Amino acid sequence: MSLGSWMRNHPHFLEKVYRLTERTVIGLDPVFNKLGYDRMNRWLKGPEDLAKQVVFDCRMCGQCVLHSTGMTCPMSCPKNLRNGPCGGVRSNGHCEVKPEMRCVWVEAFERSGHMPVYGHEMLFINPPVNRQLEGSSAWVNMLTGVDKEVPKAWAGTSQRVELILPAEGWSTGQ
Ligand code: SF4
């Protein structure tokens, strides 16, 4: 098992690391602003790419939703689906396109149950990926808010719309 697979199978730990990183980046926003977001993007995208590739098999979409998808990168789905699996998931939970691979969304759903803080976000709808952000730093895009922009047709709706919530609430499996 690779280091990345091992870490992805410990989503609670990754959630804690994500939360700490998120708070740090938000706390540093005034510094980023002063230095310039373009410059920070140039400085950060390399290290971010390296770290996320090792752990998440990241494709640098620039619009990271890992914490909403069980710390499982949706871009590693062969169809790049951002809102749950296609209809081709095999009965053993494997991918229609790559039969040797478990469906990204089966793993995402399982792992989200071990994430007490963000696990419920599995039930939110993500906007379509903006290909113009590919290769840029998702952290910087989070600060500027460009990762939350939605197509014009979505005007008046929020970026994330709750799809469905079970009446008894979301169980984290903890
Ligand atoms: S969602 Fe995007 S930025 Fe986040 S790990 Fe996947 S490809 Fe990388």
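Up top is the structure these notes are about.
A short tour of the structure in this document, coming up. (Residues numbered from 1 in each chain as written. Predicted model: local features only at pLDDT ≥ 70, side-chain atom pairs only at ≥ 80, totals over all residues. Heavy atoms only, no water.)

Attention shifts here to the overall build of the protein chain. Each helix and strand in the protein chain was counted, giving six helices and two strands. Helices (α) and strands (β) of the protein chain occur, in sequence order from the N terminus, as α-α-α-α-α-β-α-β. Counting over 174 residues, the protein chain shows a buried share of 40%. Taking all contacts inside the protein chain whose residues are at least 6 apart in sequence as the whole, residues at least 24 apart take part in 67%. Per element, the accessible surface of the protein chain, about 9,900 Å² overall, is 58% carbon and sulfur. (Helix = DSSP H or I, 4+ residues; strand = E, 2+ residues; numbered from the N terminus. Buried < 20%, exposed > 50% of the residue type's maximum accessible area, 1.4 Å probe, protein only. Contact = heavy atoms within 4.5 Å. Areas by Shrake-Rupley, 256 points an atom, 1.4 Å probe, with all protein chains shown as cover.)

Taken together, the side chains of Met 1, Leu 3, Trp 6, Leu 50 and Val 54 make up a nonpolar region of the molecular surface, amounting to roughly 610 Å² of accessible area. Elements with a minimum of two residues in the nonpolar patch: helix H1 (3–8) and helix H4 (37–56). Of note, Met 1 is situated in the segment before H1. For Met 1, a relative accessible area of 78% translates into the label exposed. (Patch = residues over 30% accessible without salt bridge, like charges linked within 9 Å, V, L, I, M, F, W, Y side chains within 5 Å. Salt bridge = Lys/Arg side-chain N within 4 Å of Asp/Glu carboxyl O.)

Take the nonpolar core next. One finds Leu 14, Val 25, Phe 32, Phe 56 and Met 71 to be the most contacted residues of the largest nonpolar core, which totals 20 residues. Of all the secondary structure elements, the ones that give two or more residues to this core are helix H2 (11–27), H4 and helix H6 (138–144). For this core, the element with the most residues is H6, which contributes four residues. Grouped together as the second largest cluster of nonpolar side chains are six residues, Cys 77, Val 104, Trp 105 and Met 122 included. (Core = buried A, V, L, I, M, F, W, Y, C linked by side-chain atoms within 4.5 Å.)

A few words on the side chain of His 94. Checked against the element boundaries, His 94 lands in the loop between H4 and helix H5 (104–112). Of the polar contacts made by the side chain of His 94, one reaches the backbone oxygen of Pro 99; its length is 2.8 Å. Among all residues touching His 94, those that are not within four sequence positions of it are Val 89, Pro 99, Glu 100, Met 101, Arg 102 and Cys 103. (Polar contact = N/O pair within 3.5 Å; in protein donor to acceptor, adjacent residues only side chain to side chain.)

Another aspect to go through is the pattern of salt bridges. All told, the structure shown has eight salt bridges when counted by the stated rule. Within the structure, one salt-bridge network assembled from shared partners comprises Arg 102, Glu 107, Glu 110 and Arg 111.

The next thing to look at is the side chain of Glu 15. Here Glu 15 shows up in helix H2. We note that Glu 15 is buried and unpaired, the nearest opposite charge coming from Arg 19 at a distance of 7.1 Å. Engagement of the side chain of Glu 15 in a polar contact is seen with the backbone nitrogen of Val 117, the distance being 3.0 Å. The contacts of Glu 15, once residues within four sequence positions are left out, are Met 71, Met 115, Pro 116, Val 117, Tyr 118 and Gly 119. (Lys, Arg positive; Asp, Glu negative; His and termini not counted.)

Taking 1.5 Å per residue as the helical rise, H4 with its 20 residues ought to reach 28 Å, whereas the 24 Å between its terminal C-alpha atoms falls clearly short. Along H4, the sharpest kink reaches roughly 40°, centred on Leu 44 and followed within four residues by the proline Pro 47. In this fold, the buried residues of H4 make contact with H1, H2, helix H3 (29–35) and H6. Of the residues trailing H4, Asp 57 is marked for its positive phi of about 55°. (Expected span 1.5 Å × (residues − 1). Bend = angle between axes of the 7 residues up to and from the residue.)

Under the defined criterion, the tally for this structure stands at two aromatic pairs. Here the aromatic rings of Tyr 18 and Tyr 118 are separated by 5.5 Å at their centres, their planes lie at 90°, and the arrangement is edge-to-face. Linking Tyr 18 in helix H2 with Tyr 118 in the loop between H5 and strand S1 (124–125), this pair joins segments that are 100 residues apart in sequence. Tyr 118 shares its class with Tyr 18; the two are buried. (Phe/Tyr/Trp six-rings, centres within 6.5 Å; stacked < 30°, edge-to-face > 60°.)

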